[in-house]
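# Structural overview for review
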Amino acid sequence: MVYFKKISFNPEDTAILEAALNEFSEERVSLAEFQPKIGNQFFARQIDKSGINYTRLMSRFDRFVPKLIFYMAIKRGNCVCRPSISNRSFGVLVLIIGGIAANTMSTDKNDPHYAGLIILSTTLAIFILFTVMECLQTQMKIKRALSTYKLIKRIAL
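What counts and what doesn't
- Residues numbered from 1 in each chain as written.
- Predicted model: local features only at pLDDT ≥ 70, side-chain atom pairs only at ≥ 80, totals over all residues.
- Heavy atoms only, no water.
- Core = buried A, V, L, I, M, F, W, Y, C linked by side-chain atoms within 4.5 Å.
- Buried < 20%, exposed > 50% of the residue type's maximum accessible area, 1.4 Å probe, protein only.
- Helix = DSSP H or I, 4+ residues; strand = E, 2+ residues; numbered from the N terminus.
- Contact = heavy atoms within 4.5 Å.
- Patch = residues over 30% accessible without salt bridge, like charges linked within 9 Å, V, L, I, M, F, W, Y side chains within 5 Å.
- Areas by Shrake-Rupley, 256 points an atom, 1.4 Å probe, with all protein chains shown as cover.
- Salt bridge = Lys/Arg side-chain N within 4 Å of Asp/Glu carboxyl O.
- pLDDT = per-residue confidence, 0-100.
- Pairing = 2+ DSSP bridges.

### Some words on the nonpolar core
- If you look at the biggest cluster of nonpolar residues, it comprises 19 residues, and the most contacted ones within it are Leu 21, Phe 43 and Tyr 54.
- A total of four residues in this core trace back to one element, the largest contributor, which is helix H3 (residues 114–156).
- Those residues in contact with Tyr 54 that lie beyond four places of it in its chain are Leu 21, Asn 22, Ser 25, Phe 43, Ala 44, Arg 45, Leu 68, Ile 69, Phe 70 and Met 72.

### Quick notes on a nonpolar patch on the surface
- Together, Ile 126, Leu 129, Phe 130 and Met 133 make up a nonpolar patch on the protein surface, roughly 360 Å² of accessible area in all.
- Note that Phe 130 resides in helix H3.

### Some thoughts on the environment of Leu 68
- Looking at where Leu 68 falls in the secondary structure, it is placed in strand E5 (residues 68–75).
- Among the residues examined, Leu 68 registers a relative accessible area of 1% and is labelled buried.
- Counting along the chain gives 21 residues from Leu 68 to Ser 89, while the straight-line C-alpha distance between them is 8.7 Å.

### Quick look at the confidence of the model for the protein chain
- For the protein chain, mean pLDDT is 76; residues scoring 70 or higher make up 72% of the total.
- Confidence, read as mean pLDDT per element, is least for strand E1 (residues 7–9) in the protein chain (62) and greatest for helix H2 (residues 87–106) (87).

### Examining the pairing of strand E4 (residues 52–56)
- Of all five residues in E4, five are buried; the element is thus mostly enclosed.
- In E4, alternate side chains face the same way, and those of Ile 52, Tyr 54 and Arg 56 on one face and Asn 53 and Thr 55 on the other are all buried.
- Relative to E4, strand E3 (residues 43–47) is paired through five bridges, and the arrangement is antiparallel. The residue of E4 that forms the bridge with Phe 43 is Arg 56.
- Hairpin connection, E3 to E4: the antiparallel pair is bridged by four residues.

### Quick notes on the environment of Leu 57
- The topology assignment puts Leu 57 in the loop between E4 and E5.
- Taking relative accessible area as the criterion, Leu 57 reaches 10% and is therefore assigned buried.
- For the pair Leu 57 and Lys 67, spaced ten residues apart in sequence, the C-alpha to C-alpha distance is 9.6 Å.

### Remarks on the side chain of Asn 103
- On the secondary structure map, Asn 103 appears in helix H2.
- For Asn 103, a relative accessible area of 14% translates into the label buried.
- Ignoring any residue separated from it by four or fewer positions in sequence, one finds Asn 103 in contact with His 113, Gly 116, Leu 117 and Leu 120.

Here you go:
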């Protein structure tokens with residue numbers, strides 16, 4: 001996986017974040033499953049040797065959106081969250097960039113073919129837009145899980 005950002009949390013926030021994500025996530029053997037089995041779950045989690053991978057549960061309409069995977073490693077009381085795109089989404093990104101590079105190298109100076117380059121550049125812009133939208137939607141789900149968890153804990157007290 002290719003990680004594109006690193007987010008560190010305070011030790012106080014680590015416990016609340018981990019508890020909220022565990023409360024509203026469903027453990028899966030593989031993160032490739034799309035359909036949620038339980039209605040009140042927001043995330044799917046996969047436990048590794050060194051940390052936990054989380055991904056947003058997606059409906060059948062979200063299959064074409066790049067899937068983000070958040071890897072959470074808990075080291076020395078600090079929680080480190082590293083988002084990345086899934087292997088399939090990374091493969092699509094490599095194909096789009098490879099197509100742009102191949103189209104750029106194959107154009108002649110006498111007869112440039114800009115139609116393919118425009119289509120591939122538009123596809124890359126749409127891919128990046130969908131990735132940003134997925135990042136914002138996942139961030140919104142994390143905030144929703146945190147606020148719901150804090151509300152449940154307040155009511156329980």
